[in-house]
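Each chain, letter by letter, is given below.
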Amino acid sequence: KLASREFSVQSTAIRLGDAADTVIGGRDLVVIAGPCSVEGREMMHETAHAVQRSGARLLRAGAFKPRSSPYAFQGMGEEGLKILAEVRAETGMPIVTEVMDTRQVELVASYADVLQIGARNMQNFPLLTEVGRTQRPVLLKRGLSATITELLMAAEYIMAQGNGDVILCERGIRTYETATRNTLDVAAIPVLKRETHLPVMVDPSHAGGRAHLVAPLAMAAVAAGADGLIVEVHPHPATAKSDGEQSLEPSAFASMMQQVRSVALAV
Ligand code: PEP
Ligand code: MN
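All values reported here derive from a predicted model rather than from experimental measurement.

Student: Please give an account of the overall build of the protein chain that cites residues and values.
Tutor: When helices and strands are tallied, the protein chain shows 9 helices and 10 strands. Here the C-alpha atoms of the protein chain give a radius of gyration of 17 Å, agreeing with the 18 Å that 2.2 N^0.38 yields for 267 residues. Each principal axis of the C-alpha distribution contributes one length, and for the protein chain these read about 45 × 45 × 40 Å. The buried share of the protein chain, reckoned over its 267 residues, is 50%. Sequence-distant contacts in the protein chain: of pairs separated by 6 or more residues, those separated by 24 or more amount to 66%.

Student: How would you summarise the sheet that holds strand 5 (residues 95-98) if you had to cite specific residues and measurements?
Tutor: Pairing within the closed barrel is parallel, and its 8 strands lie in the order 3-4-5-6-7-8-9-10. The average angle at which neighbouring strand axes cross in this sheet is 25°, direction not considered. Inspection of the sheet shows strand 4 (residues 58-60) paired to strand 5 by 2 bridges, in the parallel sense. Residue Leu59 lies in a different strand from strand 5, and its bridge partner there is Ile95.

Student: Give a description of the nonpolar core that names residues and reports values.
Tutor: Formed by 82 residues in total, the largest nonpolar core has its most connected members in Leu140, Ala155, Ile167, Leu168, Ala218, Leu229 and Val231. Leave out the neighbours within four places in its chain, and Ile167 touches Ile14, Ile24, Pro137, Val138, Leu139, Leu140, Leu198, Pro199 and Met201.

Student: Residue-level account of the packing of helix 4 (residues 125-132) against helix 5 (residues 148-159), with values.
Tutor: At their nearest, the axes of helix 4 and helix 5 sit 7 Å apart, and the two run at 45° to each other. Comparing their axes, helix 5 and helix 4 come out oblique. In contact with Phe125, Leu128, Thr129, Val131 and Gly132 of helix 4, helix 5 contributes Ala154, Tyr157, Ile158 and Met159.

Student: I'd love a proper account of helix 6 (residues 188-195), names of residues and values included.
Tutor: Since the α-helix advances by 3.6 residues per turn, residues separated by three or four positions end up pointing in the same direction. Of the positions making up helix 6, those classed as buried are Ala188, Ile189 and Leu192. Across the axial projection of helix 6, the buried residues extend over an arc of 100°, all falling on one side. Its buried side turned inward, helix 6 meets helix 5, strand 8 (166-170), strand 9 (200-202) and helix 8 (211-223).

Student: Tell me about the packing of helix 1 (residues 41-53) against helix 2 (residues 78-91), residues and numbers included.
Tutor: The N-to-C vectors of helix 1 and helix 2 enclose an angle of 35°; their axes lie 10 Å apart at closest approach. For the crossing formed where helix 1 meets helix 2, the hand is right-handed. Residues Arg41, Met44, His45, Ala48, His49 and Gln52 of helix 1 lie in contact with helix 2, whose contacting residues are Ile83, Leu84, Val87 and Thr91. The residue inventory of the contact of helix 1 with helix 2, partitioned by class, reads 5 nonpolar, 4 polar and 1 charged.

Student: Quick one: what's the story with the pairing of strand 5, residue by residue and with numbers?
Tutor: As a general feature of sheets, a regular strand has side chains that alternate between the two faces. Because side chains alternate across strand 5, one face comprises the buried residues Ile95 and Thr97, and the other comprises Val96 and Glu98, equally buried. Between strand 4 and its parallel partner strand 5, the chain crosses via helix 2, and the hand of that crossover is right-handed. Direction of pairing for strand 5 relative to strand 6 (residues 114-117): parallel, over a ladder of 3 bridges. Among the inter-strand pairings, Val96 is bridged to a residue of strand 6, identified as Val114. The handedness of the strand 5 to strand 6 crossover, carried by helix 3 (residues 105-111), is right-handed.

Student: If you had to explain unusual backbone geometry to someone new, which residues and values would you point to?
Tutor: Positive phi outside glycine occurs at Ala20, with the angle close to 50°. Backbone geometry places Asp243, a non-glycine residue, at a positive phi of 55°. You can see Asp243 is positioned in the loop between strand 10 (228-232) and helix 9 (250-266). Exposure remark for Asp243: the 19 C-beta atoms within 10 Å place this residue in the partly exposed category.

Student: Can you break down the environment of Ala179 residue by residue, with the values?
Tutor: With respect to the element layout, Ala179 can be found in the loop between strand 8 and helix 6. For Ala179, a count of 9 C-beta atoms within 10 Å puts it in the exposed group. Between the C-alpha atom of Ala179 and that of Gly208, which follows or precedes it by 29 residues, the distance is 8.7 Å.

What counts and what doesn't
Counting from 1, residues in each chain are numbered in the order their sequence is written. Going through the entries in the order they are written, you letter the chains from A and number the ligands from 1. Whole-chain, interface and lining totals are the exception, using all residues; otherwise, since this is a predicted model, local features are given only for residues with pLDDT of at least 70 and side-chain atom pairs are given and counted only at 80 or more. Counting from the N terminus, the helices are DSSP H or I runs at least four residues long and the strands are E runs at least two residues long. Only C-alpha atoms enter the radius of gyration; for comparison, a globular chain is expected to reach 2.2 Å times N to the power 0.38, where N is the number of residues. With C-beta atoms placed from the backbone, the exposure class of a residue follows from how many other C-beta atoms lie within 10 Å of its own: 20 or more, buried; 12 or fewer, exposed; in between, partly exposed. Two residues qualify as a contact pair if the distance between their C-beta atoms, derived from the backbone, is within 7 Å. Note: two strands are recorded as paired if DSSP finds a minimum of 2 bridges between them. Convention adopted: a line fitted to C-alpha atoms gives each axis, helices being fitted over their contacting stretch, and angles between N-to-C directions are expressed from 0 to 180 degrees. Here a nonpolar core is just a set of buried residues of the types Ala, Val, Leu, Ile, Met, Phe, Trp, Tyr and Cys, joined wherever their C-beta atoms sit within 7 Å. Here roughly perpendicular refers to angles of 65 to 115 degrees, roughly parallel to angles under 35, roughly antiparallel to angles over 145, and oblique to all remaining angles. For this quantity, the arc is that covered by the directions from the helix axis to the C-beta atoms. Crossings are classed by handedness, with left-handed meaning an anticlockwise turn of the near helix from the far one by less than a right angle and right-handed meaning a clockwise turn. Polarity classes work like this: nonpolar for Ala, Val, Leu, Ile, Met, Phe, Trp, Tyr, Cys and Pro, charged for Asp, Glu, Lys and Arg, and polar for all others, with Gly in that last group. Handedness of a crossover: with both strands directed away from the viewer, a clockwise path from the first strand across the helix to the second marks it as right-handed.

This is the structure:
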C-alpha cells in the first residue's frame, strides 16, 4: 500500500509557502491556526496577523462549512476564498480550507494551498478521488467513527490517483463520553507514525470542543509524536458563527504555543 512504511521507509515531508520553507512532516512542529469559518475580511486579517506573531505557519478557515443543521451558517463560499487569498498575499501564510463536494474541487484548489477533507467526508470516495487528481496537498481528517485502518484506506484513495501529499489528522472520535465533544485518540498518533510515512497532525479543538481543553490536548499530541497541530482561533469567540466554544482568543493561543514549544523541546 502506498501509505505504508513498507512502501517508503522515508517519511513524507510536504513543503509549502513561497520559499517552500514550511515543512510538514519535517523536523519542526508545524501549527495551523485560524477561525472555524471565514466570517469577513477584518476578522481574517486580525486573526492571521495574531496567530502568525505567535508562530503559526499556516492559516485555516472554512468557506464551505459542513454544519449539522441546514439552518446554521454554511460559510461565505467563493467570497470567503477570495478573502483567504488576500490574507495569504499579505502575510505569506499558506491557506488550508475545506472542500466538501466534487463539484467544488477545482474552485477551492484554485485558491487553497492545502485542501481539507472534513471528518464527515472521510469516506466520500468520489471526493477523495477528485482531490487525488489535483496537485494540492490534502489534510485528511479522521471520520467521526472511523478506525485507523479506514483512515489509512481513505488516504489510499487519494494516493492511488497520483497525489502522495496526504496529511493525516486525528480530531477525536465518537465515544460514550459527553464531557468532551469527541475523545482524542492519543494512541492513534504513535500507531499511525509506525504504520505510515505520512505526516500526522492533531486537531485538539474539535477533539475537546471547549477552549480550556485545547492546550492540554495539544501538549499531549506533541508529546505523543504529532508532526503538527490545527487549532481554532477567533478574535471574539463569544460571537463566532461556528465553533466559538472551542475557539481560543489570540492571547490564549499565544500561551498555548509557549506550552507546546516546551513540550516539543522535551521530546
Ligand atoms: C473544521 O475543521 O472546522 C471541521 C468542520 O472539522 P471536522 O471535519 O474535523 O469536524
Ligand atoms: Mn470548526
